[in-house]
Amino acid sequence: MRRVLSPAVRPDDGTAPGRSGGDGREHQDGHGSRAAHEARETLRTEFPFELPRGYVDESGTVHRSGVMRLATARDELIPLRDDRVRENAAYLSVVLIARVVSRIGTVEDIHPGVIEDLFASDLAFLQDFYRRINAEGHTRAAVTCPSCQESFAVDLAGGGRPGES
């Protein structure tokens, strides 16, 4: 499910302030057409990723690419009521990650059991990815090449594997 939010967009019945009456005239706020205005207001809510090692399913198939969505307040509150989290606070990240990962490879039924079966490095990757997209709002990380010491940005949202061009 891909959700695109447009915070300031309301139905145009001619009553919304700053809107035209649907006759194609420019907004009263001077920002151009409604389509241009709405395009500026969209919010990216899903982010692709590539696991370092990959999830191995029951048949032995390795799944590496996936999608994580932005967390809602509900996503962060509901796990606090989970008995497994109450017994072991470390389990919070497992339940939370399971709520926001919508797909890993061809696996779309993501639940805590799937996240429990990830390699530790993949869980650590998803925890860091969660922090980046929810707290910082982007998936780029500043890195320095260990050989030449050149600094550059890397997009952690998938694509190629580290070291590939």
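Whatever comes next refers back to the structure up there.
Residues numbered from 1 in each chain as written. Predicted model: local features only at pLDDT ≥ 70, side-chain atom pairs only at ≥ 80, totals over all residues. Heavy atoms only, no water.

S.K.: I keep staring at the sheet that holds strand 2 (residues 62–69) and nothing clicks. Help me out?
M.R.: The strands making up a sheet associate through backbone hydrogen bonding, with each pair oriented either parallel or antiparallel. Strand order across the open sheet formed by three strands is 1-2-3, with antiparallel pairing between neighbours. Edge strands, defined here as strands with exactly one partner in the open sheet, are strand 1 (46–56) and strand 3 (101–104). Sheet twist, expressed as the mean angle between neighbouring strand axes with direction ignored, is 25°. Relative to strand 3, strand 2 runs antiparallel, the two being bridged by three bridges. Its bridge partner being in strand 3, M68 is matched across the sheet by V101. (Pairing = 2+ DSSP bridges. Helix = DSSP H or I, 4+ residues; strand = E, 2+ residues; numbered from the N terminus. Axes fitted to C-alpha atoms, helices over the stretch in contact; angles between N-to-C directions.)

S.K.: Explain the environment of L123 here, please?
M.R.: Position of L123 relative to the elements: it lies in helix 6 (residues 120–136). Remark: the alpha-carbon pair of L123 and S93, spanning 30 residues in sequence, is separated by 8.9 Å. Setting aside anything within four residues of it in sequence, one finds L123 in contact with I115 and L118. (Contact = heavy atoms within 4.5 Å.)

S.K.: Is there a simple way to think about the pairing of strand 2 in this case?
M.R.: For strand 2, the buried fraction is high: six of the eight residues fall into the buried class. With seven bridges joining them, strand 1 and strand 2 adopt antiparallel strand pairing. Note that in strand 2 the partner of F49 across the bridge is G66. What sits between strand 1 and strand 2 in their antiparallel hairpin is a turn of five residues, with G60 showing a positive phi close to 90°. (Buried < 20%, exposed > 50% of the residue type's maximum accessible area, 1.4 Å probe, protein only.)

S.K.: What is the right way to look at the state of the cysteines in this model?
M.R.: Enumeration over the complete set of coordinates arrives at zero disulfides. With no disulfide of its own, C145 lies 3.6 Å from the sulfur of C148, the closest cysteine sulfur. According to the relative accessible area criterion, C148 is partly exposed, its value standing at 49%. (Disulfide = S-S within 2.5 Å.)

S.K.: Would you mind going over the side chain of D122 with me for this structure?
M.R.: Tracing the backbone shows D122 in helix 6. One buried charged side chain, D122, makes no salt bridge at all; its nearest oppositely charged neighbour is R53, positioned 6.0 Å away. Among the polar contacts made by the side chain of D122, one reaches the main-chain amide nitrogen of R53 at a distance of 2.8 Å. Of note is the side chain of D122, whose polar atom sits 2.8 Å from the backbone nitrogen of G54. Aside from chain neighbours lying at most four places away, what touches D122 is L51, P52, R53, G54 and Y55. (Lys, Arg positive; Asp, Glu negative; His and termini not counted. Salt bridge = Lys/Arg side-chain N within 4 Å of Asp/Glu carboxyl O. Polar contact = N/O pair within 3.5 Å; in protein donor to acceptor, adjacent residues only side chain to side chain.)

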